[in-house]
Amino acid sequence: EAIKDKDVNRTIRVEVISSDSRGLLADMSNAISVEGVNIKEAHCRTEHGKAVNLFDLIVTDVTQLDRAMQRVRKVPGVLKVTRLRTSGTLSTAPV
């Protein structure tokens, strides 16, 4: 699904794999909000010293999403940021 209309908010799911470090969730949230993106829903868990973070982000266009993802990638401790092409509510199933 392409994001084209700047007047329409879209919910996009992003997965962030990171180290399990104190304050990292706050740093990621700040990086997202600096770009004017709201977090609609989040699910975070830790496994074997790593954190798996799923965020449903409300964005106006793909440029805003790209900027937010790039900013999150620059947060120390973030290992991988991926846009997921799934729909529905966030799953709590193990990876």
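To be clear, the structure that these remarks concern was listed above.
The notes below deal with the structure included here. (Residues numbered from 1 in each chain as written. Predicted model: local features only at pLDDT ≥ 70, side-chain atom pairs only at ≥ 80, totals over all residues. Heavy atoms only, no water.)

**Thoughts on the sheet that holds strand 3 (residues 50-59)**
We apply this condition: Only strands that DSSP links by at least two bridges are regarded as paired with each other. Only DSSP runs of H or I with at least four residues qualify as helices, and only runs of E with at least two residues qualify as strands; both kinds are numbered from the N terminus onward. Axes here refer to lines fitted to C-alpha atoms; in helices the fit is confined to the stretch in contact. Angles between the N-to-C directions go from 0 to 180 degrees. Contact criterion: two residues are considered in contact whenever any of their non-hydrogen atoms come within 4.5 Å of each other.
Pairing is antiparallel across the open sheet formed by four strands, whose spatial order is 2-3-1-4. Looking along the sheet, the strands with just one partner apiece sit at the ends: strand 2 (38-47) and strand 4 (78-84). Strand-to-strand twist of the sheet, defined as the mean angle between neighbouring strand axes without regard to direction, takes the value 20 degrees. In this sheet, strand 3 lies alongside strand 1 (residues 10-19) in antiparallel orientation, the contact comprising ten bridges. Along strand 3, the bridge assignment pairs valine 14 with phenylalanine 55. Packing of helix 1 (residues 24-34) onto the sheet brings it into contact with strand 1, strand 2, strand 3 and strand 4, and relative to strand 3 it is tilted by some 25 degrees. The strands touched by helix 2 (residues 62-73) are strand 1, strand 3 and strand 4; relative to strand 4, the strand with the most contacts, the crossing angle is about 160 degrees.

**Section: the nonpolar core**
Our working definition: As used here, the term nonpolar core means buried Ala, Val, Leu, Ile, Met, Phe, Trp, Tyr and Cys residues forming a set that is joined through side-chain atoms within 4.5 Å. Each residue gets one of three labels from its accessible area relative to the maximum for its type: buried under 20%, exposed over 50%, partly exposed in between, using a 1.4 Å probe on protein chains only.
Among the nonpolar cores identified, the biggest contains 18 residues, and Val14, Val16, Leu57 and Val72 are the most heavily contacted of them. Listed by contribution, the elements that provide at least two residues to this core are strand 1, helix 1, strand 3, helix 2 and strand 4. Other than its neighbours up to four places away in sequence, valine 16 contacts Met28, Ala51, Val52, Asn53, Phe55, Val72, Val78, Lys80 and Val81.

**Considering the side chain of glutamine 64**
Note on placement: glutamine 64 falls in helix 2. On the basis of relative accessible area, glutamine 64 is assigned to the buried category, the value being 9%.

**Comments concerning the pattern of salt bridges**
What counts here: In the sections that follow, a salt bridge refers to a side-chain nitrogen of Lys or Arg positioned within 4 Å of a carboxyl oxygen of Asp or Glu.
If you walk through the whole model with that rule in mind, you get four salt bridges. Note that aspartate 56 and arginine 13 form a salt bridge whose closest N and O atoms lie 2.7 Å from each other. With aspartate 56 in strand 3 and arginine 13 in strand 1, this residue pair connects regions lying 43 residues apart in the sequence. On the basis of relative accessible area, aspartate 56 is assigned to the buried category, the value being 5%. With a relative accessible area of 9%, arginine 13 lands in the buried category. The partner of arginine 71 in a salt bridge is glutamate 35, and the shortest N-O contact between them spans 2.8 Å. Residue arginine 71 is located in helix 2, and its partner glutamate 35 is located in the loop between helix 1 and strand 2; the two are separated by 36 residues in the primary sequence. A single network of salt bridges, built from pairs that share partners, joins Glu35, Arg67 and Arg71.

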